[in-house]
Amino acid sequence: MLAFDPMERISVDEALFHPYIHLWYSEKDVNRPAPAPYDHSIDAQNLTVQQWKALLYEEIRDIQQTMTLDEAPSPSGAVDPAGEEGR
C-alpha cells in the first residue's frame, strides 16, 4: 500500500478492500455525509483549563451517544447487530 512513487500506489477504493484495512471497513462510515465545516470561533475564546475540560467532556459525551460497540464489524467483516460474533 505504501509506495514512494505515486504511480505505484493503490487507489483509495483498493485500499479500503485491502485485507489489513478491510477489517475496519464499514459501508455506513464510508458513505456518510460530509461533516459540517469547523467553527473556529471557539478557538478565540479565552477559557480556563476547567472550562476547556468541560467543553471537551461534553463533546466526547455527545459523540459517544451516537456510537455503539454493538455495531463493530466481526473479524470476517460482517456486521453482527446482536453482538454475538462467531456463534
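Residues numbered from 1 in each chain as written. Predicted model: local features only at pLDDT ≥ 70, side-chain atom pairs only at ≥ 80, totals over all residues. Heavy atoms only, no water.

1. A short note on the overall build of the protein
Helix and strand counts for the protein come out as 4 helices and 0 strands. Ordering the α and β elements of the protein from the N terminus gives α-α-α-α. Here the protein holds 87 residues, and the buried ones make up 5% of them. For the protein, the computed accessible surface area is about 8100 Å², with 60% contributed by carbon and sulfur atoms. (Helix = DSSP H or I, 4+ residues; strand = E, 2+ residues; numbered from the N terminus. Buried < 20%, exposed > 50% of the residue type's maximum accessible area, 1.4 Å probe, protein only. Areas by Shrake-Rupley, 256 points an atom, 1.4 Å probe, with all protein chains shown as cover.)

2. What about the pattern of salt bridges?
If you walk through the whole model with that rule in mind, you get 2 salt bridges. We note a salt bridge from Arg32 to Asp29, for which the minimum N-O separation is 2.5 Å. Among the residues examined, Arg32 registers a relative accessible area of 48% and is labelled partly exposed. The residue Glu58 makes a salt bridge to Arg61 at a minimum N-O spacing of 3.4 Å. Remark: Arg61 and Glu58 occur in helix 4 (residues 49-65); sequence separation between them is 3 residues, near one turn of the helix. Taking the relative accessible area as the measure of exposure, Arg61 reaches 36% and is therefore partly exposed. (Salt bridge = Lys/Arg side-chain N within 4 Å of Asp/Glu carboxyl O.)

3. Quick word on the confidence of the model for the protein
In the predicted model, the protein carries a mean pLDDT of 78, and the fraction of residues at 70 or more is 76%. Confidence, read as mean pLDDT per element, is least for helix 3 (residues 27-30) in the protein (81) and greatest for helix 4 (92). Confidence over residues 77-87 falls short of pLDDT 50; this stretch has 11 contacts with residues more than four positions distant or in other chains. (pLDDT = per-residue confidence, 0-100. Contact = heavy atoms within 4.5 Å.)

4. What to know about the environment of Val30
Within the element layout of this structure, Val30 appears in helix 3. Linking Val30 and Leu16, residues 14 residues apart in sequence, is a C-alpha distance of 9.3 Å. Sequence-distant contacts of Val30, defined by excluding residues within four places in its chain, comprise Leu16 and Tyr25.

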